[in-house]
Amino acid sequence: MKKPIPLFAVILSTAASAQVEVFLPAQEVSTRMGRSVGGGMTLEVENPGNHTWQLRSWTGTGEWTNHSVYKVPNGRLSIPIDPVGPTRFYQLVSVDSPPASTVAGALELPVTPFNYANPTLPAHLTTPQILGQINTPGNNAITNAGATLGRVLFYDKRMSANQTVSCSSCHQAEHGFSDPARFSTGFDGGLTGRNSMGLTNARYYLRQNFFWDERAATLEDQVLEPIQNHIEMGITLDVMVSRIQAEGFYGQLFTAAFGSPQVTTTRVSRALSQFVRSIISSNSKYDQGVPVGFSNFTASESRGRNIFNGGAGGCAQCHGSDNFVPGNAIFNNGLENPYTDKGLGEVTGASADEGFFKVPSLRNIALTAPYMHDGRFATLEQVVEFYNSGVVAHPNLSPQLRLPPPPPGNPPPGPRRLNLTNQQKADLVAFLRTLTDLSVTTDEKFLDPFRYEAP
Ligand code: HEC
Ligand code: HEC
């Protein structure tokens, strides 16, 4: 049981200057003063923890006046203060007996955990080909309690240095668990070097590797990278573990998931991976179409499907199967020459690997704009126009995007041009939109579980 933190901050506010006096018993807690847009002030506690805070003010004589009580179980506490009027002193104190940090107090979780372990999947997502794409290791099968813990960690801002950023900041459910910004903003305002990746059906990838350049061998390895990345979340795994360990409610969640309250890096990695792997889309218009021969498709969507699969577009050669992922291959799709970001080539240093990037699943692709590893295309229309007329003759350009091979001894053929009509381009986009599945991006079991209101 944690002792209440007697954090105490007095803010002296005058028109000309603002002074902050802080008495800090806990090293991690800090208080800052800033200016807000309207000329008022903002009192910020970077690490409010799972405590209840009382804002008080004083005019210099008489008693302190109590204002609102704030409870923020997740992330920074930011309170706008109006310095006008006779009030000259503000104080933020943790309320004498903060409620114990319990699952019920901090989180909105169902009594019976959501079903993550055994979702009902349609027949076309249980074929040998699809099952072969599953990248779950033998020692980390999804359990309902494990994925629930992963869900809480995924949304917890304690995972970043100043508690401003969680995984969900850059992997937003409504954007297919991706980021609508071309590059994502990390905890300290820095930008990531690549576009965030959508996570829908990330569980299905034959080669098992993660990141645009496939540098993480497994998802279990991958999920620990952003925590330590100096731009994204910026803390050591030791600090992460001690923060999580210090938060009472996690004890219950770890016990449910792993049998004891002990927090370890491996358990965090496994829980986060279980949650990510549970994000499965199986109810898009496309999925509804499979068992009925796509009779639910419009004429345009059906033509688009043929272009995608067939000769005119040939997209399915690299975006294949009902998960729209490649087989055992990584590709260069001729975005530029030379590549600024060399993708796999950055990892291996080999020029033969320049411009090879992982092809993530196209499920929910209409939600995850902008597109490609550097987010260069804002819309699907731009992506289709690129494949239609803009593929660049890079020496490593994958053969699927080249003209037919000439007789042996000749130089490799240049990039192919699709010469699609405007209608065909629109058809292809219409087809890609049938892969949208809002039932996964709005399902409570994948959304933020924290309570934010004051009690
Ligand atoms: C500041 C933004 C940011 C944060 C925070 C962040 N990510 Fe990411 N994520 C990215 C970017 C950008 C990439 C692509 C990076 C690359 O390929 O080099 C990525 C890639 C991934 C991938 C790879 C997907 C694939 O198909 O290969 C996974 C999985 C992932 N992130 C999960 C997480 C988890 C779990 C967390 C929290 C522990 C997290 N991310 C935190 C921005 C972020
Ligand atoms: C040679 C294999 C190949 C073929 C054929 C191909 N693609 Fe791609 N596609 C890729 C690669 C590789 C990437 C990622 C490239 C990058 O980010 O640098 C990609 C990325 C994409 C993306 C963006 C994914 C994201 O999450 O940002 C879309 C959309 C897409 N392709 C659609 C298509 C369509 C439509 C076609 C057919 C006209 C097609 N692709 C044909 C290899 C291919």
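These remarks concern the structure in this document. These figures come from a predicted structure and were not determined experimentally.

**Things to note about the overall build of the protein chain**
Here is step 1: A tally of regular secondary structure across the protein chain gives 15 helices and eight strands.
Here is step 2: Burial analysis of the protein chain (455 residues in total) assigns 51% to the buried set.
Here is step 3: Put simply, of all contacts in the protein chain between residues at least 6 apart along the chain, 67% involve residues at least 24 apart.

**Side note on the coordination of the iron atom of ligand 2**
Here is step 1: Only His319 (NE2) and Tyr387 (OH) from the protein coordinate the iron atom of ligand 2, and they sit 2.0 to 2.1 Å from it.
Here is step 2: For the iron atom of ligand 2, the six donor atoms are set out with angles of 83 to 179° between them, so the coordination reads as octahedral. Of the two residues, His319 is situated in the loop between helix H11 (299–309) and helix H12 (344–348) and Tyr387 in helix H13 (residues 380–390); the sequence distance between them amounts to 68 residues.

**Structural notes on the site of ligand 1**
Here is step 1: What surrounds ligand 1 is a group of 26 residues, the closest being Cys167, Cys170, His171, Phe211 and Trp212.
Here is step 2: Side-chain polar atom of Arg194 to an oxygen atom of ligand 1: 3.0 Å apart, as the coordinates give it.
Here is step 3: Take Lys358: an N or O atom from its side chain is 3.0 Å from an oxygen atom of ligand 1.
Here is step 4: Of all the secondary-structure elements, those providing two or more residues to the shell around ligand 1 are helix H4 (167–170), helix H5 (219–222) and helix H6 (225–228).
Here is step 5: Taken together, the residues of the shell around ligand 1 break down into 13 nonpolar, nine polar and four charged.

**A short note on the pairing of strand S6 (residues 65–71)**
Here is step 1: Examined bridge by bridge, strand S5 (residues 52–58) and S6 share five bridges and lie antiparallel to one another. Within the sheet, the bridge partner assigned to Gln54 lies in S6 and is Val69.
Here is step 2: Between the end of S5 and the start of S6, which pair antiparallel, lie six residues, with Gly60 showing a positive phi angle near 115°.

Cut-offs and rules
- Residues numbered from 1 in each chain as written.
- Chains lettered and ligands numbered in written order.
- Predicted model: local features only at pLDDT ≥ 70, side-chain atom pairs only at ≥ 80, totals over all residues.
- Heavy atoms only, no water.
- Helix = DSSP H or I, 4+ residues; strand = E, 2+ residues; numbered from the N terminus.
- Buried < 20%, exposed > 50% of the residue type's maximum accessible area, 1.4 Å probe, protein only.
- Contact = heavy atoms within 4.5 Å.
- Donors = N, O, S within 2.8 Å, 3.2 Å for Na, K, Ca; no water.
- Tetrahedral: all angles 85-135°; square planar, octahedral: opposite > 155°, others 65-115°.
- Near = heavy atom within 4 Å.
- Polar contact = N/O pair within 3.5 Å; in protein donor to acceptor, adjacent residues only side chain to side chain.
- Nonpolar A, V, L, I, M, F, W, Y, C, P; charged D, E, K, R; others polar.
- Pairing = 2+ DSSP bridges.

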